[in-house]
Amino acid sequence: MKDFEFSMPTKIIFGRGVEKKIGQEIKKYAQKILFHYGSGSIKKNGLYEQVLKSLRENDIGFVELSGVQPNPRLSLVQEGIRLCRENKIELIL
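Residues numbered from 1 in each chain as written. Predicted model: local features only at pLDDT ≥ 70, side-chain atom pairs only at ≥ 80, totals over all residues. Heavy atoms only, no water.

(A) Here's a closer look at the nonpolar core. Judged by nonpolar contacts, I22, I26, A30, I33, F35, Y37, I42, Y48, V51, L52, L55 and I60 together constitute the single largest core of 12 residues. Every element with two or more residues in this core is listed here: α1 (22-27), β1 (32-37) and α3 (47-57). The element best represented in this core is α3, accounting for 4 residues. (Core = buried A, V, L, I, M, F, W, Y, C linked by side-chain atoms within 4.5 Å. Buried < 20%, exposed > 50% of the residue type's maximum accessible area, 1.4 Å probe, protein only. Helix = DSSP H or I, 4+ residues; strand = E, 2+ residues; numbered from the N terminus.)

(B) Inspection of the layout of surface pockets at higher detail. Computed from the structure, the largest pocket encloses a volume of approximately 610 Å³. Taken together, 20 residues form the lining of the largest pocket, with K11, I22, E25, I26 and L93 sitting closest to its centre. Those elements giving two or more residues to the lining of the largest pocket turn out to be α1, β1 and α3. For the lining of the largest pocket, a count of residues per class yields 14 nonpolar, 2 polar and 4 charged. (1 Å grid on protein atoms, 1.4 Å probe; cavity = no way out; pocket = protein on both sides within 12 Å on 5 of 7 lines; lining within 4 Å. Points joined across faces, edges and corners; volume = space filled by probe spheres on them. Nonpolar A, V, L, I, M, F, W, Y, C, P; charged D, E, K, R; others polar.)

As C-alpha coordinates, then:
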(Lines give C-alpha, C1' and ligand atoms only; values in the text may rest on other atoms or scores of the structure.)
Protein backbone atom coordinates (compact mmCIF):
# COMPACT_ATOMS: atom_id res chain seq x y z
CA MET A 1 0.00 0.00 0.00
CA LYS A 2 1.20 3.52 -0.76
CA ASP A 3 1.53 6.03 2.06
CA PHE A 4 -1.21 8.65 2.20
CA GLU A 5 -3.03 11.03 4.50
CA PHE A 6 -6.78 11.34 4.71
CA SER A 7 -8.63 14.21 6.37
CA MET A 8 -12.39 14.60 6.29
CA PRO A 9 -13.60 17.59 8.31
CA THR A 10 -17.36 17.96 8.41
CA LYS A 11 -19.52 21.02 8.91
CA ILE A 12 -23.26 20.56 9.27
CA ILE A 13 -25.51 23.61 9.48
CA PHE A 14 -29.06 23.21 10.80
CA GLY A 15 -31.89 25.70 11.10
CA ARG A 16 -34.63 27.57 9.35
CA GLY A 17 -33.60 29.28 6.15
CA VAL A 18 -30.06 27.90 6.06
CA GLU A 19 -30.54 26.85 2.43
CA LYS A 20 -30.41 30.54 1.57
CA LYS A 21 -26.81 30.67 2.83
CA ILE A 22 -25.54 27.72 0.80
CA GLY A 23 -23.87 29.95 -1.78
CA GLN A 24 -21.94 31.80 0.94
CA GLU A 25 -20.69 28.52 2.39
CA ILE A 26 -19.73 27.00 -0.94
CA LYS A 27 -17.89 30.17 -2.01
CA LYS A 28 -15.33 29.45 0.72
CA TYR A 29 -14.34 26.23 -1.06
CA ALA A 30 -15.23 26.38 -4.74
CA GLN A 31 -16.33 28.51 -7.66
CA LYS A 32 -17.82 25.72 -9.77
CA ILE A 33 -19.87 22.81 -8.50
CA LEU A 34 -21.84 19.78 -9.59
CA PHE A 35 -25.38 20.18 -8.21
CA HIS A 36 -26.56 16.59 -7.85
CA TYR A 37 -30.12 16.04 -6.66
CA GLY A 38 -33.02 13.59 -6.80
CA SER A 39 -35.89 13.63 -9.19
CA GLY A 40 -38.90 15.36 -7.73
CA SER A 41 -39.36 16.59 -4.18
CA ILE A 42 -36.57 19.19 -4.32
CA LYS A 43 -38.49 20.99 -7.05
CA LYS A 44 -41.96 20.42 -5.57
CA ASN A 45 -41.07 21.88 -2.18
CA GLY A 46 -39.22 24.93 -3.56
CA LEU A 47 -35.76 24.00 -2.29
CA TYR A 48 -34.36 23.73 -5.82
CA GLU A 49 -35.12 27.39 -6.65
CA GLN A 50 -33.83 28.61 -3.29
CA VAL A 51 -30.51 26.82 -3.77
CA LEU A 52 -30.12 28.09 -7.34
CA LYS A 53 -30.84 31.64 -6.20
CA SER A 54 -28.19 31.42 -3.48
CA LEU A 55 -25.64 29.96 -5.91
CA ARG A 56 -26.31 32.70 -8.47
CA GLU A 57 -26.17 35.48 -5.86
CA ASN A 58 -22.71 34.26 -4.87
CA ASP A 59 -21.44 33.79 -8.45
CA ILE A 60 -21.08 30.03 -8.05
CA GLY A 61 -21.05 28.27 -11.40
CA PHE A 62 -22.88 24.97 -11.47
CA VAL A 63 -23.66 21.98 -13.62
CA GLU A 64 -26.75 19.93 -12.77
CA LEU A 65 -27.13 16.18 -12.54
CA SER A 66 -30.46 14.86 -11.34
CA GLY A 67 -31.29 11.31 -10.33
CA VAL A 68 -29.63 10.71 -6.94
CA GLN A 69 -30.14 7.09 -5.94
CA PRO A 70 -29.28 5.15 -2.76
CA ASN A 71 -27.38 2.57 -4.81
CA PRO A 72 -26.60 4.45 -8.02
CA ARG A 73 -26.20 2.73 -11.35
CA LEU A 74 -22.65 2.68 -12.65
CA SER A 75 -23.80 4.71 -15.65
CA LEU A 76 -24.94 7.57 -13.36
CA VAL A 77 -21.63 7.55 -11.50
CA GLN A 78 -19.74 7.61 -14.79
CA GLU A 79 -21.90 10.52 -15.98
CA GLY A 80 -21.04 12.44 -12.82
CA ILE A 81 -17.34 11.76 -13.30
CA ARG A 82 -17.55 12.89 -16.93
CA LEU A 83 -19.33 16.13 -15.97
CA CYS A 84 -16.81 16.86 -13.24
CA ARG A 85 -13.85 16.35 -15.53
CA GLU A 86 -15.28 18.27 -18.50
CA ASN A 87 -16.38 21.21 -16.37
CA LYS A 88 -13.46 21.34 -13.91
CA ILE A 89 -15.81 20.85 -10.97
CA GLU A 90 -14.37 21.65 -7.55
CA LEU A 91 -17.17 20.47 -5.25
CA ILE A 92 -20.24 18.23 -5.39
CA LEU A 93 -23.42 19.42 -3.72
